[in-house]
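Descriptive structure summary
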Amino acid sequence: MNEKIYKTVTGSGAASLATGILVLTTGIVAGVLMIVHGARLLSCRKKILL
């Protein structure tokens, strides 16, 4: 009985860890893309306002 519970908890922990890594990676990539595109907009600001 205890071994079955241990396997279930271990599988759940592994899935939670994988989900956390995926969310962290996605957040970092989205943040970098937003910074790059924001910098590009700021550099073209004069062209946009004319």
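Summarised in this report is the structure supplied together with it.

Analysis parameters
- Residues numbered from 1 in each chain as written.
- Predicted model: local features only at pLDDT ≥ 70, side-chain atom pairs only at ≥ 80, totals over all residues.
- Heavy atoms only, no water.
- Helix = DSSP H or I, 4+ residues; strand = E, 2+ residues; numbered from the N terminus.
- Rg over C-alpha atoms; globule rule 2.2 N^0.38 Å.
- Buried < 20%, exposed > 50% of the residue type's maximum accessible area, 1.4 Å probe, protein only.
- Areas by Shrake-Rupley, 256 points an atom, 1.4 Å probe, with all protein chains shown as cover.
- Salt bridge = Lys/Arg side-chain N within 4 Å of Asp/Glu carboxyl O.

**Focus on the overall build of the protein chain**
- Counting its secondary structure elements, the protein chain contains 2 helices and 0 strands.
- In terms of overall dimensions, the protein chain is more spread out than a globule: its C-alpha atoms have a radius of gyration of 22 Å, far above the 10 Å expected for 50 residues.
- Burial status across the protein chain gives 0% buried among its 50 residues.
- Split by element, the accessible area of the protein chain, about 4,800 Å² in all, is 74% carbon and sulfur.

**Overview of the environment of valine 23**
- Within the element layout of this structure, valine 23 appears in helix H1 (residues 2–43).
- Residues valine 23 and lysine 47, 24 residues apart in the sequence, show an inter-C-alpha distance of 36 Å.

**What about the pattern of salt bridges?**
- Using the criterion set out here, one finds 1 salt bridge in the structure.
- The partner of glutamate 3 in a salt bridge is lysine 7, and the shortest N-O contact between them spans 3.6 Å. With a gap of 4 residues between them, glutamate 3 and lysine 7 both fall in helix H1, about one helical turn apart.
- Note on glutamate 3: relative accessible area 56%, which makes it exposed.

**What to know about the environment of leucine 41**
- Relative to the assigned elements, leucine 41 resides in helix H1.
- According to the relative accessible area criterion, leucine 41 is exposed, its value standing at 55%.
- Separated by 10 residues in sequence, leucine 41 and glycine 31 have C-alpha atoms that sit 15 Å apart.

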